[in-house]
Amino acid sequence: MDTKDPTHPDHDADKQRIRALVARTQEAQLDPEVLPALHASDLVLINFAGRRLFGRETFASAMAEALSSPLKDVRTTLEVDDIRFATPDVAIVSLTKTIHDERSETGDASTLPLAGAMTYVMTRQGDDWRISLAQTTPIR
């Protein structure tokens, strides 16, 4: 797609906004007020363990539950590998998720992979982007 064509959006600016959103999600990973708001209301999320969640409110509840468990000591970092536009308002973002397990009890840590292939489907909402689908596949 030719981004110089005035009928197409400026994908460079959109890529910067998308990268900024990814950075905000990483910064907010322990904030159950902020992180869910970066997602679309009709979010579909499949987490590292394969649990599927439907909707931002369900995600917020699951996040609050996880943060009251030893999972609060598991951090992640995200690296954007690729951004592609399915349409001007839909982006497919490929990421690598790295797990930093800081739990003192390591009962589950030995089975937890240290990396995952993550995919976001992002949708434009006004001038901003939101995560509509998030899926992480463990890399063993």
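Refer to the structure above for everything that follows.
Below: a short report on this structure. (Residues numbered from 1 in each chain as written. Predicted model: local features only at pLDDT ≥ 70, side-chain atom pairs only at ≥ 80, totals over all residues. Heavy atoms only, no water.)

### Description of the pairing of strand β4 (residues 90–101)
Turning to step 1, where the next piece is worked out: Strand direction decides the pairing type here: strand β3 (residues 74–87) and β4, joined by 12 bridges, are antiparallel. In the strand pairing of β4, Thr77 is matched with Thr98.
Turning to step 2, where the next piece is worked out: A loop of 2 residues connects β3 with β4, the two strands running antiparallel in sequence.
Turning to step 3, where the next piece is worked out: Two strands pair when backbone bridges link them, and β4 and strand β5 (residues 115–125) are joined in this way by 9 bridges, in the antiparallel orientation. Paired with Ser94 across the two strands is Thr119, which belongs to β5. (Pairing = 2+ DSSP bridges. Helix = DSSP H or I, 4+ residues; strand = E, 2+ residues; numbered from the N terminus.)

### With respect to the side chain of Thr25
Turning to step 1, where the next piece is worked out: As for its position among the elements, Thr25 is in helix α1 (residues 11–27).
Turning to step 2, where the next piece is worked out: We classify Thr25 as buried; its relative accessible area is 4%.
Turning to step 3, where the next piece is worked out: A polar contact of 2.6 Å, which involves the side chain of Thr25, links it to the backbone oxygen of Val22.
Turning to step 4, where the next piece is worked out: With sequence-adjacent residues up to four places away left out, Thr25 is seen in contact with Leu35, Leu38, Leu78, Tyr120 and Ile131. (Buried < 20%, exposed > 50% of the residue type's maximum accessible area, 1.4 Å probe, protein only. Polar contact = N/O pair within 3.5 Å; in protein donor to acceptor, adjacent residues only side chain to side chain. Contact = heavy atoms within 4.5 Å.)

### Thoughts on helix α2 (residues 56–67)
Turning to step 1, where the next piece is worked out: Relative to the 16 Å expected for 12 residues at 1.5 Å per residue, α2 spans 16 Å between its end C-alpha atoms, a close match to the ideal helical length.
Turning to step 2, where the next piece is worked out: Those residues of α2 not exposed but buried are Phe59, Ala60, Ala62 and Met63. For α2, the buried positions fall inside an angular range of 165° around the axis, keeping them on one side. In this structure, α2 carries Glu57 and Glu65 as exposed residues pointing more than 90 degrees from its buried face.
Turning to step 3, where the next piece is worked out: For α2, the elements touching its buried residues are β1 (39–46) and β2 (52–54). (Expected span 1.5 Å × (residues − 1). Arc of directions from axis to C-beta.)

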